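Residue-level structure breakdown
The lines below spell out each chain.
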Amino acid sequence: MNKDDIKICYIGGGSRNWAWVLMQDLAFEKEISGTIELYDIKHEDALTNEVIANRLMEKHNKGRWRFRANPSLESALNGSDFVIISILPGDFEEMSVDVHAPEKYGIYQSVGDTIGPGGIMRALRAIPQFRQIAREIKKNAPCAWVINYTNPMSICTHALYKEFPAIKAFGCCHEVFHTQKLLAAALEDAGLAPRDSIKREEIKINVSGLNHFTWIDKASWNDIDIFPVYKIFTDKYAERGFKKTAVADNAQEDDPQRSKFFGSSDRVKMDLFRRYGLIAAAGDRHLAEFCPHSWYLSSPQNAESWGFSLTPVSWRIKDRENLKQKAAAYRSGEREMIPVRSDEEGIKIIKSLMGLGDLITNVNLPNSGQMPDMPREVVVETNAVFSRDSIQPCLTQALPSGIKALVMPHALCYEGLIEAVFEEDTEKAFQVFSHDSAVQKLPLRGIRELFREMCERTGVGKFS
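Rules behind the numbers
Residues numbered from 1 in each chain as written. Predicted model: local features only at pLDDT ≥ 70, side-chain atom pairs only at ≥ 80, totals over all residues. Heavy atoms only, no water. pLDDT = per-residue confidence, 0-100. Contact = heavy atoms within 4.5 Å. Buried < 20%, exposed > 50% of the residue type's maximum accessible area, 1.4 Å probe, protein only. Helix = DSSP H or I, 4+ residues; strand = E, 2+ residues; numbered from the N terminus. Salt bridge = Lys/Arg side-chain N within 4 Å of Asp/Glu carboxyl O. Phe/Tyr/Trp six-rings, centres within 6.5 Å; stacked < 30°, edge-to-face > 60°. Lys NZ or Arg CZ within 6 Å of the ring centre and 35° of its normal. 1 Å grid on protein atoms, 1.4 Å probe; cavity = no way out; pocket = protein on both sides within 12 Å on 5 of 7 lines; lining within 4 Å. Points joined across faces, edges and corners; volume = space filled by probe spheres on them. Nonpolar A, V, L, I, M, F, W, Y, C, P; charged D, E, K, R; others polar. Core = buried A, V, L, I, M, F, W, Y, C linked by side-chain atoms within 4.5 Å. Expected span 1.5 Å × (residues − 1). Arc of directions from axis to C-beta. Pairing = 2+ DSSP bridges.

Some words on the confidence of the model for the protein
Averaged over all residues, the pLDDT of the protein equals 94, while 97% of them reach at least 70. Here residues 245-252 is a poorly scored stretch, pLDDT under 50, and it has 21 contacts once near neighbours within four places are set aside; other chains count.

Printed below as a string of C-alpha cells:
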C-alpha cells in the first residue's frame with residue numbers, strides 16, 4: 001500500500017452520517033492521501049457526497065483526497081486497499097416495523113437495531129446483504145481490509161467471515177469511547193484533575209463482551225485505578241444520573257430532540273456496575289435492550305425514569321429529510337460544510353494497518369480464543385493491537401458468572417441467526433426469535449403472531 005495513493009471503497013457512500021464524519025476527519029489528515037470510491041444503491045446520494053467532499057478537500061486539505069461516485073460496486077472495489085461498509089439494512093419503513101410492531105404486545109425497544117425483536121429482524125435482512133458484499137469483496141478486493149460500521153455489528157461482521165473465511169474484516173463502534181469520557185468525568189468530579197482536562201484516550205481500559213454489551217474489567221489513568229473512583233461516583237449519581245455525557249450520535253449541530261432521543265443520564269451503566277462490579281461500556285439505550293426488559297424497558301415511563309428515551313422511527317425519518325435538505329444546500333454551494341474533527345478512530349486504524357504507528361483500541365472480531373468463555377467464531381468485542389497489515393486481539397479473562405449469564409444468550413442468538421439464514425431455515429429463525437428475553441413475556445402463540453407479522457411487513461422469510 002502506498003500512503004500517497006490509497007484506494008478506499010465506501011459501500012453506503014451516499015451516507016449523511018458516517019460518510020460525512022469520514023470526509024470531515026480526512027480534511028485534517030496530512031500524512032496519507034488517495035481516492036475514495038463512493039458506492040451506493042442510491043447513486044444520486046453518492047454523487048451529492050462526491051461534490052461535497054471534493055469541495056471540502058480543495059478548501060481544507062489541498063485536494064489530497066479525491067472522492068468519486070461509482071455506480072458499479074465491482075469497479076469501486078477493484079484494487080481497493082480498504083473497504084468501509086455503512087449501510088441501512090432495508091429502510092426506515094422496515095425499521096419502523098422493527099421498533100414499533102412489538103409495542104402493541106407491550107414490548108418496548110429504545111433502539112431496535114442490535115438485539116430484541118427489532119434487532120433480530122434487522123439481522124435477518126442484513127445477513128443476506130452482507131453475504132453478497134462478502135462475495136463481491138472476495139472477487140474484486142480479496143486482500144483489502146474491511147471496516148464495518150453497520151448494525152447489528154456482531155452479526156454483520158460474522159456474516160462476512162461465514163461467507164468469505166479469508167476476509168480481513170472487523171467492526172468499529174464508538175460506544176466504548178463515550179464510557180471513557182464518563183470515567184474521565186468521574187476522575188474530574190473526584191477532584192483528581194481539572195474539569196475537561198482528561199482526554200478520553202488517556203483512560204486505559206480492558207474490554208470484553210459483545211458489541212453494545214461490552215464490559216470493562218480494568219481502567220486506569222496515569223497511576224490511578226479508576227474502579228474505586230467510579231464506585232464513589234456511582235454512589236453519588238446512581239439515583240439522579242450524570243447529565244454531562246449525554247451525547248448525540250455524530251451530531252454536527254445541537255438539536256434538542258436529538259439530545260432527547262440519543263442522550264442518557266448514564267443511570268443504567270451505574271446500576272449495572274452496582275449489580276455486577278464491572279463497568280458496562282455502551283450507551284444506556286443499548287445496554288437496556290440486553291437486560292431483562294422488566295429492569296429498564298417495561299414501559300416508556302420506565303425508560304424515562306432511568307434517564308433515557310425510546311427513539312421513534314418517525315423522528316429518524318424526519319431527521320433524514322432535514323439531512324437531505326442540508327446535503328442539497330452543501331451540494332449547490334448555498335451552504336458550506338465546516339469540518340469538525342470527530343473522536344472516531346477509523347483513520348488512525350487505517351494508518352496503523354499501513355505501518356504508520358501501532359494502535360491499541362476496542363474492535364469486533366470473530367472469537368478465536370480472545371474470549372475463552374464465549375462460542376468460537378461469534379464476533380466479540382475486545383481490545384486489539386493494530387500494526388502493519390495485522391490485527392492481534394488481546395486475550396481477556398472469563399466474564400464473571402452473573403454477567404456471563406446475561407451475555408451468553410445473546411451470543412447464542414447471533415450464532416443461531418447466522419445458521420438460520422445460511423441454511424434458509426425460517427423455522428430456525430423463529431426458534432431464535434422465540435428465545436429472546438424481550439418476547440418471552442408472551443405466550444408462544446403471541447410470539448408466533450408477532451414473528452409472522454414482522455416477517456410479512458419487512459419482507460423477511462426467504463433470506464435471499
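Remarks on helix 1 (residues 18-26)
Count 3.6 residues to each turn of an α-helix, and residues three or four apart come out pointing the same way. Counted residue by residue, helix 1 has 9 buried out of 9 residues, so it is predominantly covered. Here helix 1 has its buried residues at W18, A19, W20, V21, L22, M23, Q24, D25 and L26.

Some details on the environment of N2
The topology assignment puts N2 in the segment before strand 1 (6-11). For N2, a relative accessible area of 43% translates into the label partly exposed. Counting along the chain gives 416 residues from N2 to I418, while the straight-line C-alpha distance between them is 36 Å.

Topic: the pattern of salt bridges
Taken as a whole and judged by the stated rule, the model has 34 salt bridges. Residue D266 is joined to K269 by a salt bridge in which the shortest nitrogen-to-oxygen separation is 2.7 Å. Comparing D266 with K269, the two get one shared label, buried.

Brief notes about the packing of aromatic side chains
One pass over the full model with this rule turns up 18 aromatic pairs. Aromatic pair F227 and F273: ring centres 6.1 Å apart, planes at 55°, arrangement tilted. Linking F227 in helix 8 (residues 226-237) with F273 in helix 10 (residues 267-276), this pair joins segments that are 46 residues apart in sequence. A relative accessible area of 8% places F273 in the buried class. Among the aromatic residues, ring-to-ring pairing joins F227, Y230, F233, Y237, F242 and F273 into one connected group. When the ring centre of W306 is taken as origin, the NZ or CZ atom of R267, which lies over that ring, is 4.4 Å away.

Observations regarding empty space enclosed by the protein
Here the structure, examined in full by the defined rule, presents 3 cavities of 30 Å³ or more. Along the walls of the second largest cavity sit Y10, W18, V21, L22, D25, I84, I147, Y149, E344, G346, I347 and I350, which together make up its complete lining. If you list the elements that add at least two residues to the lining of the second largest cavity, you get helix 1 and helix 15 (346-353). For the lining of the second largest cavity, the element with the highest residue contribution is helix 1, accounting for 4 residues. Its residues assigned to classes, the lining of the second largest cavity shows 9 nonpolar, 1 polar and 2 charged.

Describing the nonpolar core
One finds L124, F170 and Y230 to be the most contacted residues of the largest nonpolar core, which totals 153 residues. With 11 residues, helix 16 (residues 401-422) is the largest single contributor of residues to this core. Residues within four places of L124 in sequence aside, it is in contact with L417, V421, A429, F451, V460 and F463.

Comments concerning helix 2 (residues 43-60)
Taking 1.5 Å per residue, 18 residues should reach 26 Å; helix 2 reaches 25 Å between its end C-alpha atoms and fits that length. Here helix 2 has its buried residues at A46, T48, N49, I52, A53, L56 and M57. For helix 2, the angular spread of the buried residues around the axis is 160°, confining them to a single face. For helix 2, the exposed residues set more than 90 degrees away from the buried face come down to E58 and K59. Those residues of helix 2 hidden inside the fold are in contact with helix 1, strand 2 (34-39), strand 3 (65-69) and helix 14 (313-332). Where helix 2 ends, the next residue or the one after it, K62, has phi of about 55°, a positive value.

Some words on the pairing of strand 8 (residues 213-221)
Of the pairings in the sheet, the one linking strand 7 (residues 204-210) to strand 8 comprises 7 bridges and is antiparallel in character. The partner of K204 across the bridge, within strand 8, is S220. A loop of 2 residues connects strand 7 with strand 8, the two strands running antiparallel in sequence, and H212 in this loop sits at a positive phi of about 70°. With 2 bridges connecting them, strand 8 and strand 10 (residues 279-280) associate as antiparallel partners. Looking at strand 10, one finds that I216 is bridged to I279. Between strand 8 and strand 9 (residues 224-225), which pair antiparallel in sequence order, lie 2 residues; one of them, N222, sits at a positive phi of approximately 55°.

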